[in-house]
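Each chain, written out:
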Amino acid sequence: MRSKIDQDGQKKASFIEEARRRQIVEGAISTIASAGLPQASLARIAQDIGVSRGVISYHFAGRDELIQQVVNALFTESNRFIKARVDRAPDAPHRLRAFIEASFEFMAANRANFVALVDIWGSFGSPEAKRRFNADMYDPCRHHLEGILRRGQDSGDFRDFSPRTLAATIQGAIDGVMLQWVFDEEAVDLADCAAELTTMFDMATRRRA
């Protein structure tokens, strides 16, 4: 049986290693957002965060693994933020509103994440890589939205429609605004877009008396 000192030492080492991995992932996001994915070599990322390339190689098997962890982090952080907001809403109409508003609030607070995401998104060459990326990106969002819409229909708040179709439509509208904002930050007011989309989809989903 391990001593308490051994266990505490292992926990401390794991905590330090996890913190270092997060630092590297966050540094990779910043480098990709500022320099572009082709320029985001392990050496460049290491230079930007002030560590040796060997430190990155210790924590990640290579650039591909690091980029995959970047993608995972981008989706995990966004989904966690949105879910927390949705879970506090009292009913389906408010949950739908919270989903849309939280999506735009997270964008506004994390522009580098989405600039990096779009750059990575455009880098996949094979159809299979694109399908995997899109599945990782869209399936959790659509599933979350579908659940909100189905519960709204079950409660009688929402009219009859295909939750799957409308979930794809809502997510497509959010991501369409996101792409325009990434390409030209000054051309898009995220708060105004959030307000318009919440109004639009509230009207589109509500059951008429």
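Remember, predicted model here, so these are calculated numbers, not experimental data. (Residues numbered from 1 in each chain as written. Predicted model: local features only at pLDDT ≥ 70, side-chain atom pairs only at ≥ 80, totals over all residues. Heavy atoms only, no water.)

1. Points about the pattern of salt bridges
Condition: The term salt bridge refers to a pairing of a side-chain nitrogen on Lys or Arg with a carboxyl oxygen on Asp or Glu at a separation within 4 Å. Secondary structure follows DSSP: runs of H or I at least 4 residues long count as helices, runs of E at least 2 residues long count as strands, and numbering of each begins at the N terminus. Under the scheme applied here, a residue whose accessible area is under 20% of the maximum for its type counts as buried, over 50% as exposed, and between as partly exposed, the area being computed with a 1.4 Å probe on protein chains only.
For the coordinates displayed, the defined rule picks out ten salt bridges. Between arginine 142 and aspartate 139 there is a salt bridge whose closest N-O contact spans 2.8 Å. On the criterion of helical spacing, the pair formed by arginine 142 and aspartate 139 is a turn pair, its members being three residues apart in helix α7 (residues 127–155). According to the relative accessible area criterion, arginine 142 is partly exposed, its value standing at 28%. Using a relative accessible area of 39% as the deciding quantity, one classes aspartate 139 as partly exposed. Each of Arg85, Arg97, Glu101 and Glu105 takes part in one network of salt bridges that share partners.

2. Focus: the packing of aromatic side chains
Just so we agree on the cut-off: Between 30 and 60 degrees the pair is tilted, below 30 it is stacked and above 60 it is edge-to-face, where a pair is any two Phe, Tyr or Trp rings, Trp via its six-membered ring, whose centres lie within 6.5 Å. Cation placement over rings: the criterion is NZ of Lys or CZ of Arg within 6 Å of the ring centroid and within 35° of the ring normal.
Evaluated as defined, the whole model comprises four aromatic pairs. Here phenylalanine 81 and phenylalanine 106 contribute two aromatic rings whose centre-to-centre distance is 5.5 Å and whose plane-to-plane angle is 45°, an arrangement assigned as tilted. In this pair, phenylalanine 81 is assigned in helix α4 (residues 63–87) and phenylalanine 106 in helix α5 (residues 92–109), connecting sequence segments 25 residues apart. Residue phenylalanine 81 is classed as partly exposed on the basis of its relative accessible area, which comes to 32%. A relative accessible area of 7% places phenylalanine 106 in the buried class. The interplanar angle of 65° and the centroid separation of 6.4 Å between the aromatic rings of phenylalanine 114 and tryptophan 181 together place this pair among those described as edge-to-face. Here the residue phenylalanine 114 occupies a position in helix α6 (residues 111–121), and tryptophan 181 occupies one in helix α8 (residues 163–183), the gap between them amounting to 67 residues. Members of the aromatic cluster, connected to one another through ring pairs, are Phe81, Phe106, Phe114 and Trp181. Directly above the aromatic system of tryptophan 181 lies the positively charged group of arginine 111, at a separation of 4.8 Å from the ring centroid.

3. Quick notes on α5
The condition is simple: Every helix has an expected span of 1.5 Å times one less than the residues it contains. The contact criterion used throughout is that any non-hydrogen atoms of two residues lie within 4.5 Å.
Taking 1.5 Å as the rise per residue, α5 with 18 residues should run 26 Å; its terminal C-alpha atoms sit 25 Å apart, in good agreement. For α5, the full list of buried residues reads Ala92, Pro93, Arg95, Leu96, Ala98, Phe99, Ile100, Ala102, Ser103, Phe104, Phe106 and Met107. Those residues of α5 that are buried lie in contact with α4, α6, α7, α8 and α9 (190–205).

4. Details of α9
Between the first and last C-alpha of α9 there are 22 Å, a value that for 16 residues agrees with the 22 Å anticipated at 1.5 Å per step. The inward-facing, buried residues of α9 contact α5, α7 and α8.

5. Side note on the confidence of the model for the protein chain
Quick reminder of the rule: Confidence of the predictor in every single residue is expressed as pLDDT, which spans 0 to 100.
The share of residues in the protein chain with pLDDT of 70 or more is 92%, and the mean pLDDT across the chain is 89. When the elements of the protein chain are averaged for pLDDT, helix α1 (residues 4–35) gives the smallest value, 77, and α5 the largest, 97. A low-confidence stretch, residues 1–5 stays under pLDDT 50, and its non-local contacts, those more than four residues away or across chains, total two contacts.

6. As for the nonpolar core
Proteins that are soluble and globular tend to have nonpolar side chains buried together. The condition is simple: Working definition of a nonpolar core: buried Ala, Val, Leu, Ile, Met, Phe, Trp, Tyr and Cys residues. They are joined through side-chain atoms within 4.5 Å.
Grouped together as the largest cluster of nonpolar side chains are 60 residues, with contacts concentrated most on Ile56, Leu66, Leu96, Phe104 and Ile170. Of all the elements in the fold, those that place two or more residues in this core are α1, α2 (42–49), α4, α5, α6, α7, α8 and α9.

7. Focus: the packing of α6 against α8
Where we set the bar: For helices, the axis comes from a line fit to the C-alpha atoms of the stretch in contact; other axes are also lines fit to C-alpha atoms, and the angle between any two N-to-C directions lies between 0 and 180 degrees. When an angle is under 35 degrees it counts as roughly parallel; over 145 it counts as roughly antiparallel; between 65 and 115 it counts as roughly perpendicular; any other value is oblique. Gly is put with the polar residues, along with every residue not named as nonpolar or charged; the nonpolar set is Ala, Val, Leu, Ile, Met, Phe, Trp, Tyr, Cys and Pro, and the charged set is Asp, Glu, Lys and Arg.
With their axes 10 Å apart at the nearest point, α6 and α8 run at an angle of 100° to one another. The angle between α6 and α8 places the two elements in the roughly perpendicular class. Facing α6, whose interface residues are Arg111, Phe114, Val115, Val118 and Trp121, α8 presents Met178, Leu179, Trp181, Val182 and Phe183. Broken down by class, the residue content of the contact of α6 with α8 amounts to nine nonpolar, no polar and one charged.

8. Description of the packing of α7 against α8
Put simply, the rule is: Helix crossings fall into two classes, left-handed where the near helix is turned counterclockwise from the far one by less than a right angle and right-handed where it is turned clockwise.
Running from N to C, α7 and α8 point in directions that differ by 130°, and their axes come no closer than 8 Å. Between α7 and α8, the angle falls in the class oblique. Considering the relative orientation of α7 and α8, their crossing is right-handed. Residues Met137, Tyr138, Cys141, Arg142, Leu145, Glu146, Leu149, Arg150 and Gln153 of α7 form the contact with α8, whose own contacting residues are Pro163, Arg164, Leu166, Ala167, Ala168, Ile170, Gln171, Asp175 and Met178. Counted by class, the contact of α7 with α8 contains eleven nonpolar, two polar and five charged residues.

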